[in-house]
Amino acid sequence: MELFDQQKNTRRSESYIKSSPLAERVRPKTIDEFVGQRHLLGEHKPLRVLIEQDEVPSMIFWGPPGCGKTTLARIIANHTKADFFQLNAVSSGVQEVRKVIERAETNRSRLNKKTILFIDEIHRFNKAQQDALLHSVEDGIIILIGATTENPSFEVISPLLSRCLVYVLEPLDAAELNGILDRAIAHDAVLKPLKIQVCNKERELLMLLASGDARIVLNGLETAIRMVKPNKQSERTVTVQAIEAAFQRRYVKYDKGGEEHYNIISAFIKSMRGCDPDGAVYWLARMLEGGEDPKFIARRMIVLASEDIGNADPFALPLATNCFTAVDYVGMPEARIILSQTATYLASAPKSNSAYVAIEESIADVKNHQNAEVPLHLRNAPTKLMKDLDYGKDYKHGHSYEKHFTEQQYLPDNLKDKIYYKPTDQGTEKLIHERLNQWWRKKQR
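Calculation notes
- Once a new chain begins, its residue numbering starts again from 1 and follows that chain's sequence as written.
- Only residues with pLDDT of at least 70 get local features here, since the model is predicted, and only at 80 or more are side-chain atom pairs given and counted; chain-wide, interface and lining totals rely on the full set of residues.
- Side-chain metrics rest on all non-hydrogen atoms present in the structure, leaving aside hydrogens and water.
- Each residue's exposure class comes from its accessible area (1.4 Å probe, protein chains only) as a fraction of the maximum for that residue type: buried when under 20%, exposed when over 50%, partly exposed otherwise.
- For the purposes of this entry, the term helix denotes a DSSP run of H or I that reaches at least four residues, the term strand denotes a run of E that reaches at least two, and both are numbered from the N terminus.
- Any two residues having at least one pair of non-hydrogen atoms within 4.5 Å are treated as being in contact.
- Nonpolar cores were defined as sets of buried Ala, Val, Leu, Ile, Met, Phe, Trp, Tyr and Cys residues, with membership established by side-chain atoms within 4.5 Å.
- Nonpolar side chains (Val, Leu, Ile, Met, Phe, Trp, Tyr) within 5 Å and like charges within 9 Å form the patches, drawn only from residues with over 30% relative accessible area and no salt bridge.
- Values of accessible area rely on a 1.4 Å probe in the Shrake-Rupley scheme; residue burial ignores everything except the protein chains shown.
- Salt bridge, as applied in this entry: a Lys or Arg side-chain nitrogen positioned within 4 Å of an Asp or Glu carboxyl oxygen.
- Axis definition: a line fitted to C-alpha atoms, limited for helices to the stretch in contact. Angles are taken between N-to-C directions and run from 0 to 180 degrees.
- Roughly parallel refers to an angle under 35 degrees, roughly antiparallel to one over 145, roughly perpendicular to one between 65 and 115, and oblique to any angle outside these ranges.
- Handedness of a crossing follows from how the near helix is turned relative to the far one, being left-handed for an anticlockwise turn of less than a right angle and right-handed for a clockwise one.
- Under the scheme applied here, ten amino acids are nonpolar (Ala, Val, Leu, Ile, Met, Phe, Trp, Tyr, Cys and Pro), four are charged (Asp, Glu, Lys and Arg), and all others, including Gly, are polar.
- Pairs of N or O atoms are called polar contacts if they sit within 3.5 Å, as long as, within protein, a hydrogen donor faces a hydrogen acceptor (for residues adjacent in sequence, only side-chain-to-side-chain pairs).

S.K.: What is the right way to look at helix α11 (residues 200–210) in this model?
M.R.: Owing to its 3.6 residues per turn, the α-helix aligns residues three or four sequence positions apart on the same side. The complete set of buried residues in α11 reads Glu-202, Arg-203, Leu-205, Leu-206, Met-207 and Ala-210. Packing partners of the buried residues in α11 comprise α10 (174–187), β6 (196–198), α12 (214–225), β7 (236–238) and α13 (240–246). Directly beyond the C-terminal end of α11, a positive phi value near 55° is found at Ser-211.

Okay, structure coming up:
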């Protein structure tokens, strides 16, 4: 009988029975199961205490998609003794809100019972719809919980905002997302019999594509699993290819039939990078004689002007850009002269790839620290709520200081000592190098 049940479960899993999406099936039901937002839900944190004591006030959850706003509202529904109603601002309007309010008035007057109204995507309610909530929230007839991905200072009317606490939810980091992933694989009734394996490389790709959104991680995993077959041990190993297919992400490859074409453009670029105007003009001639599109050549020189010359000669980029415009205006055969002038100039210019290295290192850190927060003193604070959250506090305005400069932190806290741009001593970049070291005494390059 036990074997029969296992086979039955496996067949149901293999066919991916029509059920809720994985993200819905593994949604936490208690505070202890909830992942993330430790600043709100850790031991003895205010929101956790309010939930456990069933003393939840009207409030707004502000945070990015997939960080747990709806899940947290449902956990409150599970813990509270109140009547709980959920509306989505996209599909609901004033009529639905009024029905809940009528029920709430009955609950309070006859049953001495509280009513919680959860409105998902509350920023999609217009002013009139939000106005319909004011009186009931003010009098405590309903306890409003709104969820929004948008800044409530701009999207929620001031009278309603003043009657609610605002809790800022943070995007989930890689460790938290991996924990959610492991829990889904180990406990979901559909996935558990499939013996899913997700290795580090594949996890990293999932985290990158999800950008802190747990829902994307889970739904992407579920789709990827459908694209892999079990091995001899009945295990399913999720591959990079399956994840790319699930997210419809593809890598574009060159046509191998055009190998010589790419060999010659490579030689042209490397000649300019290597400061050889003779090699550059020779390979330029080979391409033009072979019928290459002159605008393709000009575009490649624009890239080289930034990637390999950069601030060693800041004139290189506008020259290359003007070259493209002139080639487009003039056309062949005269365009060959413009291309030659630009190619020989770029080949003879001082070289620096510091700008290229800076952006590559920055992108690597963005991928590894996807959710690094903007320091509070750098944030914009056009509203009272944002000022109350210390947005813009202690920012030093450069023009208020001698020589229009003062040292302060511009990177996230976990990257504050990083140096990405390291100018060389080539050409104009030498002056930039000296200037930066003079300004940033504690951060020498």
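Additional details are given in the paragraphs that follow.
S.K.: What is the right way to look at the nonpolar core in this model?
M.R.: Side chains that are nonpolar tend, in soluble globular proteins, to be buried together. Leu-117, Ile-119, Leu-133, Ile-142, Leu-144 and Leu-160 are the most contacted members of the largest nonpolar core, which totals 29 residues. For this core, the secondary structure elements donating two or more residues are β1 (59–62), β2 (83–88), α6 (94–110), β3 (115–120), α7 (127–138), α9 (158–161) and α20 (384–388). The element contributing the most residues to this core is α6, with four residues. In this structure, Ile-119 is in contact with Leu-87, Ala-89, Phe-125, Leu-133, Leu-144, Ile-145, Gly-146 and Ala-147, ignoring residues within four places of it in sequence. Listed in part, the 28 residues of the second largest apolar core include Val-26, Leu-172, Leu-205 and Val-228.

S.K.: Just to check I follow, could you spell out a nonpolar patch on the surface for this structure?
M.R.: Together, Tyr-356, Ile-359 and Ile-363 line one region of the surface with nonpolar side chains, adding up to about 260 Å² of accessible area. Within the secondary structure, Tyr-356 sits in helix α19 (residues 354–368). Given the relative accessible area of 36%, Tyr-356 is considered partly exposed.

S.K.: Please clarify how the environment of Leu-206 should be interpreted in this entry.
M.R.: The residue Leu-206 is located in helix α11 in this model. Spatially, the C-alpha atom of Leu-206 lies 9.0 Å from that of Val-240, the residues being 34 residues apart in sequence. Setting aside chain neighbours within four positions, we find Leu-206 in contact with Leu-181, Val-198, Val-217, Gly-220, Leu-221, Ile-243 and Phe-247.

S.K.: Looking at this structure, how should I read the packing of α11 against α12?
M.R.: Any two packed helices are characterised by how steeply their axes cross, that is the angle between the axes, and by the distance between the axes. Relative orientation of the contacting elements α11 and α12 amounts to 130°, with a least axis distance of 9 Å. As the angle between them shows, α11 and α12 are arranged oblique. Note on packing geometry: the crossing formed by α11 with α12 is right-handed. Along the contact surface, α11 presents Leu-206, Met-207, Leu-209 and Ala-210, while α12 presents Ile-216, Val-217, Gly-220 and Leu-221.

S.K.: Explain the packing of α10 against α11 to me, please; I cannot follow it from the model alone.
M.R.: The contact between α10 and α11 brings their axes to 11 Å, and the two run at 115°. Judged on the interaxial angle alone, α11 and α10 are roughly perpendicular. With respect to the hand of their crossing, α10 and α11 are arranged in right-handed fashion. Together, Ala-174, Leu-177, Asn-178, Leu-181 and Asp-182 of α10 and Arg-203, Leu-206 and Met-207 of α11 make up the contact between the two elements. A class-by-class count of the residues in the contact of α10 with α11 yields five nonpolar, one polar and two charged.

S.K.: Just to check I follow, could you spell out the side chain of Arg-27 for this structure?
M.R.: Mapped onto the secondary structure, Arg-27 falls in the loop between α2 (22–25) and α3 (38–41). Looking at Arg-27, the relative accessible area reads 14%, which means it is buried. Within the structure, the side chain of Arg-27 is placed 2.8 Å from the side chain of Glu-24, a separation counted as a polar contact. Every residue in contact with Arg-27, bar those within four places of it in the chain, is listed here: Thr-70, Thr-71 and Arg-74.

S.K.: Can you walk me through the side chain of Asp-188 in this structure?
M.R.: Turning to its location among the elements, Asp-188 is positioned in the loop between α10 and β6. Classification of Asp-188 by relative accessible area gives buried; the value is 4%. Here the side chain of Asp-188 touches Val-190 through a polar contact of 3.2 Å, landing on its backbone nitrogen. Those residues in contact with Asp-188 that sit more than four places away from it in its chain are Leu-22, Arg-25, Val-26, Arg-183 and Pro-193.

S.K.: Please explain the pattern of salt bridges as it appears in this structure.
M.R.: Any two side chains of opposite charge can pair, given that their charged atoms come close. One pass over the full model with this rule turns up 20 salt bridges. Between Lys-418 and Asp-365 there is a salt bridge, and its shortest N-O distance comes to 3.1 Å. Of this pair, Lys-418 sits in the loop between α20 and α21 (429–439) while Asp-365 sits in helix α19, placing them 53 residues apart in sequence. Sharing partners across several salt bridges, the network here consists of Asp-32, Glu-43, Arg-48 and Glu-52.

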